[in-house]
Amino acid sequence: MGRFLNIDRRIIFAAVALAVIGSLLVDFSLPVPATAPVQQIFDKIESLPPGAHFLLSFDYDPSSKEELQPMALALLHHCFQRGVKVIGMTHNPGGTGLAEQALNSIASIYQRKYKEDYVFLGYKPGGASLVINMGEDIHTAFLKDFYGNDTTTLPALQGVESLRDIDYLVDLAAGVTIETWIAFGREKYQFEMGAGCTAVIGPEMYPFLDSRQINGLMAGLKGAAEYEVLVERKAQAFEGMRPQSVTHCLVILLVLFGNVAFFVSGSFRTQRRPRR
Amino acid sequence: MSFLRRTVPLAIAFTVGVLMAFQYFVPHPHSKAFLELMTRWDRIIAGFAVFIGIYSLFHLHWTRIRRKAAGWGYSIFVFLGAGITIAFGLYNGGEAFWHDKKEDTMFDWLFLYVQVPAGATIFSILAFFMASAAYRTFRARTVESTVLLIAAIIVMLGRVPVGALISPYIPVVADWIMGVPNLAAKRGILLGVSLGAIATSIKIIFGVERQYLGGGD
């Protein structure tokens, strides 16, 4: 049994590959009920009247696209369905292409027009300073949008002078930007916000969820899948639940098998660490 | 020289630090104008950090190539990738870079069909390494590691739809783990980090912490 403890890692890689490919090829569906933190984001957007201003911050780059882009697409479907005006921006220079692609592709489905129904402000450096600038005056923080249009002339930004005029903000983050938005934006300028993040940083967001500094949270691909189900647009994230479920089960089985081998082989006697 | 290198930066840090701390509590128009001015300066400085980052990256990889360090061939791709991307970014689809950004240019193509798949590939490779690492290291050696192991299995199952199919209690227990013990630990860490950041800020403002001046002291 001891030889199983040092199994060739290529065998594990092959097992993971087979699990992912197999679950993508075999068509079966799993129930994805919405959890309360995701439902709260949905309910908030559902409560916004047509013409309300929704700011979506695409704070991620291609390395986190697989988890966060489906969230962006599902949120945009919901906003454009409801006639909410969308303001896009990013704190990440690698996020501009993804944000532009998401905004334009979903807007075209609902015949929403750039400048009138949505705008993309693009990337600006500064992080916390940019948030504070936007809180004081959004037009001086972004003098021009991503395409070089003067932001004071954009109809979609009419009635928005600062972050105080934003009806709802969702930050999709692969880093620390959720904390930045909360500390320097939400707390100072008093707007409601939700968050979407990669599964890795999801656990770190629970204190903010509990303190209601964010009203909802989408964590990882499952959070995106739940939102897709809520907006009745099952797509990439929902499909991803199959390989993710199978891979999670495989990893659990591997861990259990490794522990059985660990105890049956007697390795625990030699490897047990002394208690401090 | 010491005056310019030490006294002036310390005086600037003290003055701006104290003013910014008080500014938060003073809702006067002059206070707000000061805040806007300072944050705009900060953003300009942050913009220049990009150039320092590029210089640092190129310098590191040029040194690796020059010294023929292990894996120096990969460093060539840094120059190739950055050079091609920068060139197409400046070319801006036939219009020069000082014009507004054109759509559907070669720069966009490089982003969508090179950077996006490359980034996604690197990210997805993590799943393979995590599976291998979990198999090798997740052992119930002690009571603490056994508790961690059980919690991890419940959360892993609770975070995918299959968990609810096995038992409706798994997502409930997973949510409890995330919302109570995890929350308590994260909040403790958050408070500790925040208090540490405040203490460090005060030390910088009052000139006790001088590491940021560089060059040793």
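Throughout, a residue's number is its position along its own chain's written sequence, starting from 1. Whichever chain is written first is A, and whichever ligand is written first is 1; the rest continue in order. Residues qualify for local features only when their pLDDT is at least 70, as the model is predicted, and side-chain atom pairs are given and counted only at 80 or more; totals for whole chains, interfaces and linings, by contrast, use all residues.

## A closer look at the environment of Gly163 of chain B
Residues and elements named next belong to chain B.
Logical step 1: Numbered from the N terminus, helices here are DSSP runs of H or I no shorter than four residues, and strands are runs of E no shorter than two. Tracing the backbone through its elements, the reader meets Gly163 in helix H6 (residues 161–166).
Logical step 2: Linking Gly163 and Phe123, residues 40 residues apart in sequence, is a C-alpha distance of 24 Å.
Logical step 3: For the purpose of contact definition, each residue receives a C-beta atom placed from its backbone, and two residues are in contact when these atoms lie within 7 Å. Look past the residues within four positions of Gly163 in its chain and what remains in contact with it is Leu157, Gly158, Ile170, Pro171 and Ala174.

## Remarks on the pairing of strand S1 (residues 53–59) of chain A
All names here are of chain A.
Logical step 1: Here the C-beta atoms are placed from the backbone, and a residue counts as buried if at least 20 other C-beta atoms lie within 10 Å of its own, exposed if 12 or fewer do, and partly exposed otherwise. Across the 7 residues of S1, 7 count as buried, placing the element largely inside the fold.
Logical step 2: Residues His53, Leu55, Ser57 and Asp59 line one face of S1 and the alternating positions Phe54, Leu56 and Phe58 line the opposite face, and both faces are buried.
Logical step 3: For two strands to be treated as a pair, DSSP must find no fewer than two bridges joining them. Across 5 bridges, S1 lies against strand S2 (residues 85–90) in parallel orientation. The partner of Ser57 across the bridge, within S2, is Met89.
Logical step 4: At this point the chain moves from S1, through helix H3 (residues 65–82), to the parallel S2, and the crossover so formed is right-handed.
Logical step 5: The sheet contact formed by S1 and strand S4 (residues 168–173) spans 6 bridges and is parallel. Looking at S4, one finds that Asp59 is bridged to Ala173. We call a crossover right-handed when, viewed with both strands directed away from the observer, the connection leading from the first strand over the helix to the second proceeds clockwise.

## Overview of the interface of chain A and chain B
Logical step 1: Contacts between the two partners involve 48 residues from chain A and, on the opposite side, 47 residues from chain B.
Logical step 2: Elements represented by at least two residues in the side of chain A that touches chain B include exactly helix H1 (9–25), H3, helix H5 (128–136), helix H8 (206–210), helix H10 (236–264) and helix H11 (267–271) of chain A.
Logical step 3: For the side of chain A that touches chain B, the element with the most residues is H10 of chain A, which contributes 13 residues.
Logical step 4: Classes in brief: Ala, Val, Leu, Ile, Met, Phe, Trp, Tyr, Cys and Pro nonpolar; Asp, Glu, Lys and Arg charged; the others, Gly included, polar. For the side of chain A that touches chain B, the class distribution of residues is 22 nonpolar, 14 polar and 12 charged.

## Observations concerning the packing of H1 of chain A against H10 of chain A
When two helices pack together, their arrangement is captured by the angle between the axes and the distance separating the axes.
Residues and elements named next belong to chain A.
Logical step 1: Structural elements are reduced to axes, namely lines fitted to C-alpha atoms, with helices fitted over the stretch in contact, and the angle between N-to-C directions of any two is expressed from 0 to 180 degrees. Between H1 and H10, the shortest axis-to-axis distance is 8 Å and the interhelical angle comes to 150 degrees. Relative to H10, the element H1 is oriented roughly antiparallel. Relative to H10, H1 is oriented so that their crossing is right-handed. Together, Ile12, Ala15, Val16, Ala19, Val20, Ser23 and Leu24 of H1 and Arg242, Pro243, Val246, Thr247, Leu250 and Leu254 of H10 make up the contact between the two elements.
Logical step 2: For the contact of H1 with H10, the per-class residue count stands at 10 nonpolar, 2 polar and 1 charged. Orientation categories follow fixed angle ranges, with anything under 35 degrees roughly parallel, anything over 145 roughly antiparallel, 65 to 115 roughly perpendicular, and all other angles oblique. Helix crossings fall into two classes, left-handed where the near helix is turned counterclockwise from the far one by less than a right angle and right-handed where it is turned clockwise.

## A look at the domain arrangement of chain B
Residues and elements named next belong to chain B.
Logical step 1: By domain assignment, chain B separates into domain 1 (1–67), domain 2 (70–137) and domain 3 (141–207).
Logical step 2: Bear in mind that the domain bounds are from an automatic or database domain assignment. Its C-alpha centre places domain 1 at a distance of 29 Å from the equivalent point of domain 2.
Logical step 3: Listed by partner, the interface residues are 4 residues for domain 1 and 5 residues for domain 2.

## Describing the domain arrangement of chain A
Logical step 1: Split into domains, chain A comes out as domain 1 (2–28 + 241–271) and domain 2 (36–234).
Logical step 2: With centres defined by C-alpha atoms, the gap from domain 1 of chain A to domain 2 of chain A works out at 38 Å.

## Observations concerning the packing of helix H3 (residues 72–91) of chain B against helix H4 (residues 106–137) of chain B
Residues and elements named next belong to chain B.
Logical step 1: Viewed as axis vectors pointing N to C, H3 and H4 meet at an angle of 140 degrees, and their least axial separation amounts to 8 Å. With respect to H4, the axis of H3 lies oblique. Between H3 and H4, the residues in contact are Thr85, Phe88 and Gly89 and Met106, Phe107 and Leu110, respectively.
Logical step 2: Of the residues that constitute the contact of H3 with H4, the class distribution is 4 nonpolar, 2 polar and no charged.

## A short note on H1 of chain A
For an α-helix, the turn length of 3.6 residues means that residues three or four places apart are oriented alike.
Logical step 1: The end-to-end C-alpha distance of H1 of chain A, which contains 17 residues, comes to 24 Å, matching closely the 24 Å that a straight helix rising 1.5 Å per residue would cover.
Logical step 2: Considered for burial, the residues of H1 of chain A that qualify are Ile12, Ala15, Val16, Ala19, Val20 and Ser23 of chain A. End-on, the buried residues of H1 of chain A take up no more than an arc of 125 degrees, which puts them together on one face. Exposed and facing more than 90 degrees away from the buried side of H1 of chain A are Arg10, Ile11, Ala14, Leu18, Ile21, Gly22 and Leu25 of chain A.
Logical step 3: On its buried face, H1 of chain A is in contact with H10 of chain A together with H4 of chain B. The span you would expect from a helix comes to 1.5 Å times its residue count less one. Regarding the arc, it is the one traced by the directions from the helix axis to the C-beta atoms.

## Digging into the confidence of the model for chain B
Logical step 1: Residue-level confidence of the predictor, termed pLDDT, takes values from 0 up to 100. When the pLDDT values of chain B are averaged, the result is 90; 98% of them are 70 or greater.
Logical step 2: Reported for the predicted complex are a pTM of 0.88 and an ipTM of 0.83.

## Some details on the sheet that holds S2 of chain A
Residue and element names in this part refer to chain A.
Logical step 1: Taking strand neighbours across the sheet as the criterion, the 6 strands line up as S3-S2-S1-S4-S5-S6 in an open arrangement whose pairing is parallel. On the outer flanks of this sheet lie strand S3 (118–123) and strand S6 (217–219), each paired with one strand and no other. Going across the sheet, the axis of each strand differs from the next one's by a mean of 15 degrees, ignoring polarity.
Logical step 2: The pairing of strand S5 (residues 193–197) with S6 spans 3 bridges and is classified as parallel. When the sheet's bridge partners are listed, Gly196 is paired in S6 with Met218.
Logical step 3: Each of S1, S2 and S3 touches helix H4 (residues 96–109); the most contacted strand, S3, lies at about 175 degrees to it.

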